[in-house]
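Fold and contact review
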Amino acid sequence: MAQLPDGDRIREVRIDALAYGGDYNPDQWSEDVWREDIRLMLDAGVNMVSLPIFSWPQLEPEPGVYDWGWLDRILELLHEAGIRIDLATATATPPSWLLRAHPEMAPWDADGHRLEFGSRQTYCPSSPIWRENVARMTRAIAERYGDHPGLAMWHISNEYGDHVSRCWCPESARHFRRWLQERYGDLDGLNEAWGVNVWGQRYTSWDHIETPKKAPGPVNPTKLLDFERFSSDAMLELFQVEIDVLREVTPDIAVTTNFMSMFRDLDYWRFAEREDVVTDDAYPDPMDPTSHVGAALNYGLMRSLKGGRPWLLLESSASATSWRDINVPKALGKIRVESLQAVAHGSDAVMFFQWRQAKYGQEKFHSSMLGHRGERSRSFRETRALGRELRLLEPVRGSRVRSRVALVVDWDSWWGSSASESLPSQRLQWAPQARAWHRALATLGHPVDAVRAGRAAAGTPFDGYDVVVAPNLYILEQPQADALRAFVERGGTLVVGPFSGVVDATEKVHDGGAPGPLRDLLGVEVDEQWPIADGRTESLSYGDDVLEVPSWSEWLEADGGVEIRGSYASGELAGLPAITRRTAGSGSAWYVSAMLSPEGLVTVFRDVLRTAGLPARDEVSVQAEAVTRSDDTTDYTFLLNHAADPVTFRLPVAGLDLLSGSETGDAVTLDAYGVAVVATPRAAQVPFLTLTPTARPIQAAPSKELA
């Protein structure tokens, strides 16, 4: 297992400004283009670039034979121009000579097919040959450039798991067995954890255990869950290989690896523990007019991974991407509002993929800051204007987002609710449920942080929040339940969603069934999970409202002291409790047993927020977003209009708009894709902004992020 980094020391990124720029691939261009690039970078306000992410073959064209000259020259030119370097270790993909010399390090898919060279990430994360060469290349780069005066931070690998996050090769199987031995100790422990008496799956030798492949019927769900955990840990070990080298050679330089927003395959809580700064790659879909809502959830996770510290947006799109089925460009103004949304949510950087648009290869149609038309391209005009605006936001750097609401993000429950083939329904999974609950809270005007269920077990409770929501905690252990209870008893409001507290960490159903360790706190028992048949929609009564229940319900039995806030109004469960609330100590714990429509969630969460003493918007609009970052003296409230219709925010106090330099009154109206950043003296409570009824609802387009 990889070891934790030394102590709690955090190394800072070496740049004294909001970082602005993007990935730079000078090895794709002749050197006579480089000086023109730097001239235009300075014109656009670029002060940091990421390189040489995919350049291992150019840096080591033959085993042990290095060609540093071109990289030396471009680094010197960038440094002379005052542009900082996010220096990659160039280990994002192996050179062909390494893979041909060691074909055993190639990854396999679940059907036993060896994946071929010709794309990127053609490696097995568990391969000792790959790890040995990664360490060697990282050391070579660190020893050559660790003292370079332009070095801002280390960029390890690139987008871990984007193409290969799980491997089923023989080496992965051997690594999986070692991981299981460390987790369970002996075969008796493993057989007990996996419940092997079902279907006669008892193991009598470690060598009998393989990675989970296609079987005649459903595969053991605990084995599937452990393979998800193992695969994330294998990638984490690979990450640690490079961290160890960099800590040894350059102990004072910050390290990071760029995450991919809310990414299922890797437990980012554990990855973030190992690095100095969180960085993220974010690509909201221009075809979805509400994609900024999902982006806000992603950014809430990014800022929370390091306890609220600022993070860095390391990749985004200047316009269209090249990897969707249909790659729609961004409307005029969307580059600006989406970039400043990331800053609003805690990023101290706006970086793009990439600086100059490629002429060849898989990403030649992916937009860039400098498009195919050069400085005449729309993307360059817009990103140059954005770079100038970012300088006006320098006071915001280092400040932190203020939020009173948090959402529990738990990879075990994510994996457990999506890996198994043996669930009551495949329509209730963690990610869609989490995004739906977040959307309701965002619609009601609240930025939402992320909190870690597992962190509670380590002794860090949910302090600082008034409301904590857990859309789904399929897997739940007693220490997590204890921390949630302590939060409620101290005065917090907890909302737990359906199919929670069902099993323990080994996929065993809790005694007495769901909600398991939360039974006493919530005051309810789930007699049966009751998914709703396709083509049907049931309903529940909630005060004077009737809410749609499209796909999931539960047969609840409530204790006598539980308040029934809503009851099923149709179907076989008509008259039974659906939504409950129970007081405990100074707080309260809610249980929502049904999946609800977006409108129904807004109704319920408006009630939750107001019962908890928090404001909630009457005027519902996903187009208007207000987020506050604060330092010791000042609130910086970002007002963002994500649509083409104007929107008006009502302000609690007037302030100074940093972007326009003008004083505001008691209201700010933003035109299409408009942004204002209002500075006011720091308030005791998080500023809450309401809207005038000028915004019209926007329907969400289908999004792959819900998968």
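Now for a quick tour of the structure. (Residues numbered from 1 in each chain as written. Predicted model: local features only at pLDDT ≥ 70, side-chain atom pairs only at ≥ 80, totals over all residues. Heavy atoms only, no water.)

1. What to know about the environment of Gln 362
Position of Gln 362 relative to the elements: it lies in the loop between β9 (347-352) and α12 (378-392). You can call Gln 362 exposed: its relative accessible area is 62%. If near-sequence neighbours (up to four positions away) are discounted, Gln 362 is found in contact with Gly 118, Ser 119 and Ser 322. (Helix = DSSP H or I, 4+ residues; strand = E, 2+ residues; numbered from the N terminus. Buried < 20%, exposed > 50% of the residue type's maximum accessible area, 1.4 Å probe, protein only. Contact = heavy atoms within 4.5 Å.)

2. A word on helix α6 (residues 170-184)
With 15 residues, α6 ought to run about 21 Å at 1.5 Å a step, and its terminal C-alpha atoms sit 21 Å apart, in line with that. Looking at the residues trailing α6, positive phi occurs at Gly 185, about 85°. (Expected span 1.5 Å × (residues − 1).)

3. Side note on the side chain of Asn 158
Of note, Asn 158 is situated in the loop between β4 (151-155) and α6. Its relative accessible area of 1% is what places Asn 158 among the buried residues. With residues up to four places along the chain from it excluded, the contact list for Asn 158 reads Ile 53, Phe 54, Ala 92, Arg 120, Gln 121, Asn 258 and Glu 315.

4. Remarks on the pattern of salt bridges
Counted under the stated rule, the structure contains 48 salt bridges. The salt bridge involving Arg 356 is made with Asp 37; its shortest N-O contact spans 2.7 Å. Of this pair, Arg 356 sits in the loop between β9 and α12 while Asp 37 sits in helix α1 (residues 34-44), and the two are 319 residues apart along the sequence. Per residue, the accessibility class of Arg 356 equals that of Asp 37, and both read buried. Two residues, Glu 248 and Arg 139, come together in a salt bridge whose shortest N-O distance is 2.9 Å. (Salt bridge = Lys/Arg side-chain N within 4 Å of Asp/Glu carboxyl O.)

5. Details of unusual backbone geometry
Cis rather than trans, the peptide bond between Phe 353 and Gln 354 has omega equal to -5°. Tracing the sequence through the fold places Gln 354 in the loop between β9 and α12. Between Ala 514 and the following residue, Pro 515, the backbone shows a cis peptide bond with an omega angle of 0°. Mapped onto the secondary structure, Pro 515 falls in the loop between β14 (493-496) and α17 (519-522). Phi is positive for Phe 499, close to 60°, though the residue is something other than glycine. Tracing the sequence through the fold places Phe 499 in the loop between β14 and α17.

6. Topic: the sheet that holds strand β27 (residues 675-681)
If you walk across this open sheet you meet the five strands as β10-β22-β23-β27-β25, and the pairing is antiparallel. Strand pairing shows two members of the sheet lacking a second neighbour, β10 (400-401) and β25 (656-657), which therefore form its edges. Sheet analysis places β25 next to β27, joined by two bridges and oriented antiparallel. By the bridge assignment, Asp 657 is partnered in β27 with Val 678. Where helix α11 (residues 334-344) meets the sheet, its contacts fall on β10, β22 (624-630), β23 (634-641) and β27, and the angle it forms with β23 comes to roughly 150°. (Pairing = 2+ DSSP bridges. Axes fitted to C-alpha atoms, helices over the stretch in contact; angles between N-to-C directions.)

7. Some words on the nonpolar core
Core analysis: the biggest nonpolar cluster contains 176 residues, and Leu 78, Tyr 268, Leu 393, Leu 540, Leu 596 and Phe 605 have the highest contact counts within it. If one sorts the elements of this core by residue count, helix α8 (residues 221-249) sits on top with nine residues. Among all residues touching Phe 605, those that are not within four sequence positions of it are Trp 437, Ala 440, Leu 441, Leu 444, Val 469 and Val 495. (Core = buried A, V, L, I, M, F, W, Y, C linked by side-chain atoms within 4.5 Å.)

8. Structural notes on a negative patch on the surface
Together, Asp 520, Glu 525, Asp 527, Glu 528, Glu 557 and Asp 559 give the surface a local cluster of negative charge. In terms of residue count, strand β15 (residues 524-531) provides more of the negative patch than any other element does, three residues in total. Position of Glu 557 among the secondary structure elements: in strand β18 (residues 552-558). Glu 557 sits in the partly exposed class, given a relative accessible area of 42%. (Patch = residues over 30% accessible without salt bridge, like charges linked within 9 Å, V, L, I, M, F, W, Y side chains within 5 Å. Areas by Shrake-Rupley, 256 points an atom, 1.4 Å probe, with all protein chains shown as cover. Lys, Arg positive; Asp, Glu negative; His and termini not counted. Charge placed at Lys NZ, Arg CZ, Asp CG, Glu CD.)

9. Looking at the sheet that holds strand β26 (residues 667-670)
The antiparallel open sheet is built from three strands, whose spatial order is β26-β24-β28. Of all the strands in the sheet, the pair left with one neighbour each is β26 and β28 (690-691). Sheet topology note: the strand β24 (residues 647-650)/β28 ladder contains two bridges and is antiparallel. Its bridge partner lying in β28, Arg 650 is registered against Thr 690.

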